[in-house]
Amino acid sequence: MDCNRRHLLCGLGGLAVGGAVAGLVAPALAAPQAAPAPGERFAQVGGEFGWQPHKLNADECAPVAYEGYWHKGYACGYGTFYGIVGMMGEQYGAPYSQFPFTMLEANKAGVSGWGTICGALYGAAAAFALFWGRKDRDAMVSELFRWYETTKLPIYDPGDAAQGVKGPIPSNASDSVLCHISVSKWCYEHKMEESSKERSERCGRITADVTKKAIEIINAKIEKGKDWKGAFPKQQSVAYCGECHASGKQADIQKGKMDCTPCHSGNEHLMNKFKDHP
């Protein structure tokens, strides 16, 4: 790892002190501010979603995301976000290089170990949100998440740069964007322990895979603008369940776009495990 990248990966991503940046580097040095004027409380410097996106080389960024996953144990959300925004910082400088990247470490293991959304997916969605509002971003997120649900991962192989386990490791389709299901299903199908080096390596490689796919989406969005459309259709289970449970239907109780099957298929793993458990 070159000196420049090591500097950016650490701390606040190599912030330069001075001007508007000083508040990010050392908040204690910032002068007290007057209360915002009416209607200005939520105003942002540069406007909402005001950062300019840049095309990136996905093949160059994937190894950086993998490296970021292992950096100080900051894991998936950090690795993916740095693989996108950090690489813009390495190539274009401020404001991308000024982001406090360590904030994304909170997404480790599905947000501080809670097994909710896959941290790599959140890191990518957060990167999208720096540049696009929800009218454009929602379709980008749906494309990435549906790809994740249905694609056998990991694909990426770091070769001799592997930091957990070298060589091929098994892959599968998670059918879910939730860390809990994604990891548990992979461990169950391949007879691996969650605490194993193989599982850590799997998530590191998936961090690279998600980064690569997210950059492909970003590049396509930059190129086609409002004409960009995703390729992955709504899941069959979501369409089926939505016939009764979507907004405006007779049982309007469902919220979300994730595949319904993992949690509502009635398989043996979803039975009452708290009753008569051995």
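Placed above this text is the structure.
Since we're looking at a predicted model, the values are computed, not measured.

### Section: the overall build of the protein chain
Item 1. Across its full length, the protein chain carries 10 helices and 0 strands.
Item 2. Across the protein chain, helices and strands are ordered from the amino to the carboxyl terminus as α-α-α-α-α-α-α-α-α-α.
Item 3. For the protein chain, the proportion of its 278 residues judged to be buried stands at 42%.
Item 4. Split by element, the accessible area of the protein chain, about 15700 Å² in all, is 55% carbon and sulfur.

### Some points on the nonpolar core
Item 1. Ranked by size, the top nonpolar core spans 50 residues in total, and within it Phe81, Ile84, Leu144, Tyr148 and Val210 carry the most contacts.
Item 2. Every element with two or more residues in this core is listed here: α3 (58–70), α4 (75–92), α5 (119–129), α6 (134–150), α7 (179–190) and α8 (197–224).
Item 3. Top element by residues in this core is α4. It accounts for 9 residues.
Item 4. By size, the runner-up hydrophobic cluster in this structure holds 5 residues, among which are Tyr66, Tyr156, Ala162 and Ala208.

### Describing the environment of histidine 245
Item 1. Of note, histidine 245 is situated in helix α9 (residues 236–245).
Item 2. Not counting residues within four places of it along the chain, the set of residues in contact with histidine 245 comprises Ala251, Asp252, Ile253 and Gln254.

### Some details on α5
Item 1. For α5, the buried fraction is high: 9 of the 11 residues fall into the buried class.
Item 2. Gly119, Ala120, Leu121, Gly123, Ala124, Ala125, Ala126, Ala127 and Phe128 are the residues of α5 that are buried.
Item 3. Packed against the buried residues of α5 are α4, α6 and α8.

### Overview of the pattern of salt bridges
Item 1. Taken as a whole and assessed by the stated rule, the structure comprises 8 salt bridges.
Item 2. Here glutamate 223 ties to lysine 55 by a salt bridge, and the two come within 3.3 Å at their closest N and O atoms. Placement of glutamate 223 in helix α8 and of lysine 55 in the loop between α2 (22–25) and α3 is noted, with a sequence separation of 168 residues between them.
Item 3. Of the residues examined, glutamate 223 reaches a relative accessible area of 58% and is grouped as exposed.

### Some words on the side chain of serine 176
Item 1. Residue position: serine 176 is located in the loop between α6 and α7.
Item 2. A residue is classified by how much of its surface remains accessible, and serine 176, at 2% relative accessible area, is buried.
Item 3. At 3.0 Å, the side chain of serine 176 and the backbone nitrogen of leucine 178 are in polar contact.
Item 4. The residues touching serine 176, leaving out its near neighbours within four places in the chain, are Tyr148, Glu149, Ile181, Ser182 and Pro262.

### What about the packing of α4 against α8?
Item 1. Across the interface, α4 lies against α8 with an axial gap of 9 Å and an inter-helix angle of 35 degrees. Relative to α8, α4 is oriented so that their crossing is right-handed. Where α4 approaches α8, its residues Cys76, Gly79, Thr80, Gly83 and Ile84 are matched on the opposing element by Thr207, Val210, Thr211, Ala214, Ile215 and Ile218.
Item 2. A class-by-class count of the residues in the contact of α4 with α8 yields 6 nonpolar, 5 polar and no charged.

### Some thoughts on the packing of aromatic side chains
Item 1. Per the stated rule, a full pass over the model turns up 12 aromatic pairs.
Item 2. Between tryptophan 51 and tyrosine 96, the aromatic rings sit 5.6 Å apart at their centres with planes inclined by 85 degrees, giving edge-to-face as the arrangement. Taken together, the residues tryptophan 51 in the loop between α2 and α3 and tyrosine 96 in the loop between α4 and α5 connect sequence positions 45 residues apart.
Item 3. Take tyrosine 96: its relative accessible area is 4%, and that puts it in the buried class.
Item 4. Through a chain of ring-to-ring contacts, the aromatic side chains of Trp51, Tyr74, Tyr78, Phe81, Tyr82, Tyr96, Phe99 and Phe101 assemble into a single cluster.

### Overview of the environment of arginine 205
Item 1. Here arginine 205 is to be found in helix α8.
Item 2. Given a relative accessible area of 2%, arginine 205 falls into the buried group.
Item 3. The sequence separation of arginine 205 and proline 154 amounts to 51 residues, and the corresponding C-alpha distance is 5.8 Å.
Item 4. Among all residues touching arginine 205, those that are not within four sequence positions of it are Tyr66, Pro154, Tyr156, Asp157, Pro158, Ala162, Val165, Lys166, Gly167, Pro168 and Ile169.

Reading the values: the criteria
Residues numbered from 1 in each chain as written. Predicted model: local features only at pLDDT ≥ 70, side-chain atom pairs only at ≥ 80, totals over all residues. Heavy atoms only, no water. Helix = DSSP H or I, 4+ residues; strand = E, 2+ residues; numbered from the N terminus. Buried < 20%, exposed > 50% of the residue type's maximum accessible area, 1.4 Å probe, protein only. Areas by Shrake-Rupley, 256 points an atom, 1.4 Å probe, with all protein chains shown as cover. Core = buried A, V, L, I, M, F, W, Y, C linked by side-chain atoms within 4.5 Å. Contact = heavy atoms within 4.5 Å. Salt bridge = Lys/Arg side-chain N within 4 Å of Asp/Glu carboxyl O. Polar contact = N/O pair within 3.5 Å; in protein donor to acceptor, adjacent residues only side chain to side chain. Axes fitted to C-alpha atoms, helices over the stretch in contact; angles between N-to-C directions. Left-handed = near helix turned anticlockwise from the far one by under 90°. Nonpolar A, V, L, I, M, F, W, Y, C, P; charged D, E, K, R; others polar. Phe/Tyr/Trp six-rings, centres within 6.5 Å; stacked < 30°, edge-to-face > 60°.

The values reported here are purely geometric and, on their own, carry no functional implication.
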